[in-house]
Amino acid sequence: MPTFFPQPIDASLVPRFAGLPTFMRLPAVTNFEDVDIGLVGVPWDGGTTNRAGARHGPREIRNMSSLMRKVHHVSNIAPYDLVRVGDVGDAPVNPIDLLDSLAQIEGFYAKIHRAGCIPISAGGDHLVTLPIFRGIAKHRPVGMVHFDAHSDTNDTYFGNNPYTHGTPFRRAIEEGLLDPKRTVQIGIRGSVYSAEDLDFAKAVGIRVIHMEEFAALGVEATLREVRKTVSDGPTYVSFDVDALDPAFAPGTGTPEIGGLTTLEAQHLVRGLQGLNLVGADVVEVAPPFDVGGNTALVGATLMFELLCVVADAQARQRTIREESPAEVEQ
Ligand code: MN
Ligand code: MN
């Protein structure tokens, strides 16, 4: 058990609008070994094919995360008492060089992973999840719970370009970083380029839950599908904010109407408690399209929801490790 657990600045002593805007008002940490969970920004949107702006996501999410408090009001999870959490800063990026950015982001996450730290990240566009996987999943593929209006399993864009925010999970599967049979996508909808757009996802065994199926199943039955699909292996959660209806999250590059409500998303994320969670992200918050900071608030709140279930999972892993070290798989 660690002896020191970093805590957010006490809002009863220092008002929320004061001080440095770190994620959740936690200490800024430079040594990844000092925390069990690192909150990370990836201010990069070089994979965006249409409306750019997600590079500004981490800063605005940090700002709005000052509204988060310390204890979850439904699960009673108090993440900062369970594990050591800190803001480990932003991954290094190069706004004018895609391949250099992918390499730098991967290197940053590889260091985080080697330190035994679990990343919860704020994007950035959805291509950032690929270098995150390259940093943390090379030794074994992860399963994934993926919230999104889009499958992000297209092959190439603009000729033969393999790297856009519409392709990260095709690449991750090809590279052996993501196990498609332990992957579930929730909220898929909207017009597509062709009727064959989802053929790859289905052929490799991804469980695709279109928005229409989610509406028919409801939250609980969807969560049963999620648990059946990812089982108890190491699982990553990737939350593209465009899974939500643009009424709730207008500040994003590729909005699609007919999406999740924020309350449905919260119920779904809370239902991930008990899974073997090894990382998470919230991506595609694009402040230039936002209204009054609302989408950044949604992003910050989802990050807190994810932090609670990941912290709970990490605390359970620690208990297993202390009792029978051989069983831990990360
Ligand atoms: Mn996406
Ligand atoms: Mn999307």
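Everything here concerns the structure above.
These lines cover the structure that appears in this document, whether it is placed above or below. (Residues numbered from 1 in each chain as written. Chains lettered and ligands numbered in written order. Predicted model: local features only at pLDDT ≥ 70, side-chain atom pairs only at ≥ 80, totals over all residues. Heavy atoms only, no water.)

1. Notes on the overall build of the protein chain
Formally: Each helix corresponds to a stretch of at least 4 residues labelled H or I by DSSP, and each strand to a stretch of at least 2 residues labelled E; elements are numbered beginning at the N terminus. Throughout, exposure labels follow a simple rule: accessible area from a 1.4 Å probe, protein chains only, divided by the maximum for the residue type, with under 20% read as buried, over 50% as exposed, and the rest as partly exposed. Pairs of residues are marked as contacts when any of their non-hydrogen atoms sit within 4.5 Å. Here the accessible surface of atoms and residues is derived via Shrake-Rupley with a 1.4 Å probe, and residues count as covered only by protein chains that are part of the display.
Secondary structure assignment for the protein chain yields nine helices and eight strands. Taking the principal axes of the C-alpha coordinates as reference, the protein chain spans close to 55 × 45 × 40 Å. Taken across its 330 residues, the protein chain has 59% of its residues classed as buried. For the protein chain, contacts bridging at least 24 residues in sequence account for 76% of all contacts bridging at least 6. Of the roughly 13,300 Å² that the protein chain leaves accessible, carbon and sulfur atoms contribute 55%.

2. Topic: the coordination of the manganese ion (ligand 1)
To keep it simple, the criterion reads: Here the term donor refers to an N, O or S atom within 2.8 Å of the metal (or 3.2 Å for Na, K and Ca), and because water is left out of the atoms, sites may appear incomplete.
Ligation of the manganese ion (ligand 1) by protein atoms is provided by H126 (ND1), D148 (OD), D152 (OD) and D240 (OD), these donors lying 2.1 to 2.2 Å from the ion. Taken in chain order, the donor set of the manganese ion (ligand 1) reads H-x21-D-x3-D-x87-D. A separation of 3.2 Å is found between the manganese ion (ligand 1) and the manganese ion (ligand 2), both of which receive a donor from D148. Taken together, the positions of D152 in the loop between β4 (142-147) and α5 (168-174) and D240 in strand β7 (residues 235-240) put the pair 88 residues apart, joining distant regions of the chain. Of the residues examined, D240 reaches a relative accessible area of 2% and is grouped as buried.

3. Considering the packing of aromatic side chains
How we decide: Aromatic rings from Phe, Tyr and Trp, taking only the six-membered ring of Trp, are treated as a pair when their centres fall within 6.5 Å; an angle between ring planes under 30 degrees marks them as stacked, one over 60 as edge-to-face, and anything in between as tilted. Placement of a positive charge over a ring is assigned whenever Lys NZ or Arg CZ falls within 6 Å of the ring centre and within 35 degrees of the normal to the ring plane.
Tallied over the full model, the rule gives seven aromatic pairs. Ring centres of F133 and F169 lie 6.3 Å apart, and the angle between their planes is 50 degrees; this geometry places the pair in the tilted category. Separated by 36 residues along the polypeptide, F133 in helix α4 (residues 129-136) and F169 in helix α5 bring together distant segments of the chain. You can call F133 buried: its relative accessible area is 0%. With a centroid separation of 6.0 Å and an interplanar angle of 85 degrees, the aromatic rings of Y157 and Y193 are classed as edge-to-face. In this pair, Y157 sits in the loop between β4 and α5 while Y193 sits in the loop between β5 (178-188) and α6 (199-203), placing the two residues 36 residues apart along the sequence. You can call Y157 buried: its relative accessible area is 12%. One Lys or Arg, R51, reaches over the ring of F289 and ends 3.9 Å from the middle of that ring. Here the basic side chain of R170 rests over the ring of F200, its NZ or CZ set 4.1 Å away from the ring centre.

4. Some remarks on the environment of T319
Within the element layout of this structure, T319 appears in helix α9 (residues 294-323). Taking the C-alpha atoms as reference points, T319 and L297, separated by 22 residues in sequence, lie 33 Å from one another.

5. Comments concerning the coordination of the manganese ion (ligand 2)
The coordination sphere of the manganese ion (ligand 2), as far as protein atoms go, consists of D148 (OD), H150 (ND1), D240 (OD), D242 (OD) and D242 (OD), spread over 2.1 to 2.5 Å. A relative accessible area of 2% means that D242 is categorised as buried.

6. Things to note about the side chain of T153
Formally: Counting of polar contacts relies on pairs of N or O atoms within 3.5 Å, with two restrictions inside protein: one atom must be capable of donating a hydrogen and the other of accepting it, and residues adjacent in sequence are counted only when both atoms are side-chain atoms.
Inspection of the secondary structure assignment puts T153 in the loop between β4 and α5. For T153, a relative accessible area of 1% puts it in the buried group. Side chain to side chain, T153 and S151 meet in a polar contact 2.7 Å long. In this structure, T153 is in contact with G166, F169, R170, Q185, F200, A201 and I206, ignoring residues within four places of it in sequence.

7. Observations concerning the side chain of T235
Summarising the element assignment, T235 is placed in strand β7. Among the residues examined, T235 registers a relative accessible area of 0% and is labelled buried. Only 2.9 Å separates the side chain of T235 from the backbone oxygen of G233, close enough to count as a polar contact. Look past the residues within four positions of T235 in its chain and what remains in contact with it is G143, M144, V145, R182, V230, N276, L277, V278 and G279.

8. Comments concerning the sheet that holds strand β8 (residues 277-283)
Strand-to-strand pairing in sheets goes through backbone hydrogen bonds, with the strands running parallel or antiparallel. Short version of the rule: By the convention used here, strands pair only if DSSP detects at least 2 bridges between them. Lines fitted to C-alpha atoms define the axes here, with helix axes fitted over just the stretch in contact, and angles between the N-to-C directions of these axes take values from 0 to 180 degrees.
Taking strand neighbours across the sheet as the criterion, the eight strands line up as β2-β1-β3-β8-β7-β4-β5-β6 in an open arrangement whose pairing is parallel. Both edges of this open sheet fall to β2 (85-90) and β6 (207-210), since each of them pairs with a single strand only. The average undirected angle you get between the axes of adjacent strands in this sheet is 15 degrees. In this structure, β7 lies alongside β8, joined through six bridges in parallel fashion. Bridge pairing in β8 places S238 opposite D281. Helix-sheet contacts for helix α1 (residues 57-64) involve β1 (37-42), β2 and β3 (118-123), and the interaxial angle to β3 is about 105 degrees. Each of β1, β2, β3, β7 and β8 is contacted by α9, which is oriented at about 180 degrees to β8, the strand it contacts most.

9. A word on the environment of I9
Secondary-structure assignment places I9 in the segment before β1. Under the relative-accessibility criterion, I9 is labelled partly exposed at 35%. Separated by 219 residues in the primary sequence, I9 and K228 place their C-alpha atoms 39 Å from one another. Those residues within four positions of I9 in sequence are excluded, and the remaining contacts are V14 and R25.

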